[in-house]
Each structure stands twice: as structure tokens, then as C-alpha cells.
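Topology and contacts: notes
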Amino acid sequence: MKRVISLLAVVIVLCGISTDAVAQQSRKTLIVYFSESGNTQGMANIIHELIGADIVEIEMQHPYSDNYSALLDEAERDLIANARPALRTHIDNMDEYTTVLLGYPNWYALLPMPVYTFLESYDFSGKRIIPFCSHGNGMLGESVANICKSCPDADVREALSVTYSGGSSLRSEIRTWLSKHELLKE
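Residues numbered from 1 in each chain as written. Predicted model: local features only at pLDDT ≥ 70, side-chain atom pairs only at ≥ 80, totals over all residues. Heavy atoms only, no water.

Where an unreviewed UniProt entry is consulted, the chain appears under the name Flavodoxin, with the organism given as Parabacteroides merdae. Under the UniProt heading Cofactor (unreviewed entry), the note attached to the chain is "FMN". (UniProt positions renumbered as here; feature names shortened; annotations may be inferred.)

In C-alpha cells form, the structure reads like this:
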């Protein structure tokens with residue numbers, strides 16, 4: 001085994017490949033988000049532009065209503081029932097990702113129920129989960145604690161919370177947050 005590792009090191013040096021590039025290649029990153037109003041989707045798109053990772057939207061088989069009042073009723077009904085709405089989204093190669101940036105709106109100081117469905121559909125053991133959240137004024141609420149409870153063997157990192165669509169400083173805030181997590185592409 002030592003000989004194989006040494007040979008790999010020689011190939012890396014001879015080919016002029018930096019060890020940082022090799023390490024980055026072995027750490028595959030996924031941006032996954034749930035968004036109803038578009039605020040979280042906007043954040044996800046900026047993150048995607050800045051780091052170039054794969055991106056997937058969490059979509060329900062039976063989406064909530066487009067009518068905001070009805071949507072609130074449906075979301076509250078699912079919350080009270082502790083429902084796990086069926087998802088249209090399925091990621092066949094989830095085991096390839098070591099880092100998952102998880103985006104969602106803060107609903108009732110918790111994760112939206114479709115996000116629980118997503119988290120409970122995969123094994124996040126040993127993966128880094130880095131949350132990002134849009135909210136009306138509730139900040140992160142209990143959402144990060146809920147991620148930790150749903151994925152007890154994951155490494156849940158510092159989250160980013162943004163009020164509504166974030167305003168003119170959003171790109172800068174996201175860049176700073178991504179830099180803390182060493183995810184910015186050079």
C-alpha cells in the first residue's frame with residue numbers, strides 16, 4: 001500500500017499537479033436547496049456561480065400552492081402532522097459528495113418538512129453539511145439544531161442566514177461565508 005501511495009505522489013509531482021488540486025477533486029461538493037419564494041434559490045445560484053459545485057433543487061411530488069396564504073396553511077398542516085412530503089428529487093450519486101451546502105427558508109423557526117424528507121433519505125455520516133437560510137426575521141431559528149438531530153453523524157458547520165432576498169450586500173456576505181469554509185474557487 002505504501003508503494004502505491006508513493007507512486008501516486010511521484011505521478012502528482014511529475015505531472016505538476018498541486019496536492020491541493022488533488023485534495024479538492026476528491027472532495028465533491030453539492031448545493032441542494034428548497035425554495036418557495038425564490039429567495040433561497042437566489043442564494044443557491046450565487047453560491048453556484050462562486051464555487052461551481054453541482055446544484056439540485058429539492059422538489060416535492062405535490063408542490064405547495066402558489067397562493068401564499070394557502071401555502072402557509074399547507075406548510076402548517078405538514079408541520080403539525082410531522083409529515084414527510086414525497087419528493088420528486090432523488091440524487092443517485094449522493095455517496096460521491098463529501099460536502100453538502102443545504103439551503104432552505106426558515107418556516108416556523110424550523111426546517112420546511114420537505115427538507116426533513118431530503119435529510120432522512122440519505123446517509124450523511126461523515127459528510128460536511130453547511131446550511132444557508134433565508135428568513136423573514138426569524139434568523140436560523142432551530143433549523144441548525146434540527147439538521148444536527150436529523151443527521152447526528154454529519155459535521156454540521158456554521159450557517160449563513162439572510163433576511164428575505166439579502167439586499168445589495170448578499171454576494172459579499174455569501175463570498176465571506178464561503179471563504180470561511182474554504183470553498184471559493186480561485
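**Concerning the packing of helix H3 (residues 39-51) against helix H7 (residues 170-180)**
Two quantities define a packed helix pair, namely the angle between the helix axes and the distance between the axes. For the pair H3 and H7, interaxial distance at closest approach is 10 Å and the crossing angle is 55 degrees. Here H7 runs oblique to H3, going by the angle between their axes. Handedness of the H3/H7 crossing: right-handed. In contact with Met43, Ile46, Ile47, Glu49, Leu50 and Ile51 of H3, H7 contributes Leu170, Arg171, Ile174, Arg175, Trp177 and Leu178. Split into classes, the residues belonging to the contact of H3 with H7 amount to nine nonpolar, no polar and three charged. (Axes fitted to C-alpha atoms, helices over the stretch in contact; angles between N-to-C directions. Helix = DSSP H or I, 4+ residues; strand = E, 2+ residues; numbered from the N terminus. Parallel < 35°, antiparallel > 145°, perpendicular 65-115°, else oblique. Left-handed = near helix turned anticlockwise from the far one by under 90°. Contact = heavy atoms within 4.5 Å. Nonpolar A, V, L, I, M, F, W, Y, C, P; charged D, E, K, R; others polar.)

**Digging into the environment of Ser161**
Inspection of the secondary structure puts Ser161 in strand E6 (residues 160-163). The sequence separation of Ser161 and Ser134 amounts to 27 residues, and the corresponding C-alpha distance is 5.7 Å. With residues near it in sequence (within four places) discarded, Ser161 still touches Cys133, His135, Met139 and Leu140.

**Comments concerning the pairing of strand E4 (residues 128-135)**
The side chains of a regular strand alternate between the sheet's two faces. Most of E4 sits inside the fold, with eight of its eight residues counted as buried. Along E4, one buried face is formed by Arg128, Ile130, Phe132 and Ser134 and the opposite face, lined by Ile129, Pro131, Cys133 and His135, is buried too. Pairing of strand E3 (residues 97-105) with E4, which is carried by seven bridges, proceeds in the parallel orientation. In the sheet register, Pro105 faces E4, and the bridge partner there is Ser134. In this region the chain leaves E3, passes through helix H5 (residues 113-119) and returns to the parallel neighbour E4; the handedness of that crossover is right-handed. Bridge count for E4 against strand E5 (residues 155-156) is two bridges, and the pairing is parallel. Counted as the bridge partner of Arg128 is Asp155 from E5. Of the strand pairs in this sheet, E4 and E6 are connected by four bridges, and their pairing is parallel. By the bridge assignment, Ser134 is partnered in E6 with Val162. (Buried < 20%, exposed > 50% of the residue type's maximum accessible area, 1.4 Å probe, protein only. Pairing = 2+ DSSP bridges. Right-handed = clockwise from strand over helix to strand, strands pointing away.)

**A short note on helix H4 (residues 68-80)**
Side chains three or four residues apart in an α-helix point the same way, a direct result of the helix having 3.6 residues per turn. In a regular helix each residue adds 1.5 Å, so 13 residues correspond to 18 Å; H4 covers 18 Å between its end C-alpha atoms and thus fits that length. Among the residues of H4, those classed as buried are Leu71, Ala75 and Asp78. Relative to the axis of H4, the buried residues are bounded by an arc of 60 degrees and lie together on one face. Every exposed residue of H4 that faces more than 90 degrees away from the buried side is listed here: Asp73, Arg77 and Ile80. Where H4 is buried, its residues meet H5. Measuring from the backbone nitrogen of Ser69 back to the side-chain oxygen at the start of H4 gives 3.0 Å, which picks out Asn67 as the cap. Positive phi shows up at Asn82, right after H4, with a value of about 50 degrees. (Expected span 1.5 Å × (residues − 1). Arc of directions from axis to C-beta. Polar contact = N/O pair within 3.5 Å; in protein donor to acceptor, adjacent residues only side chain to side chain.)

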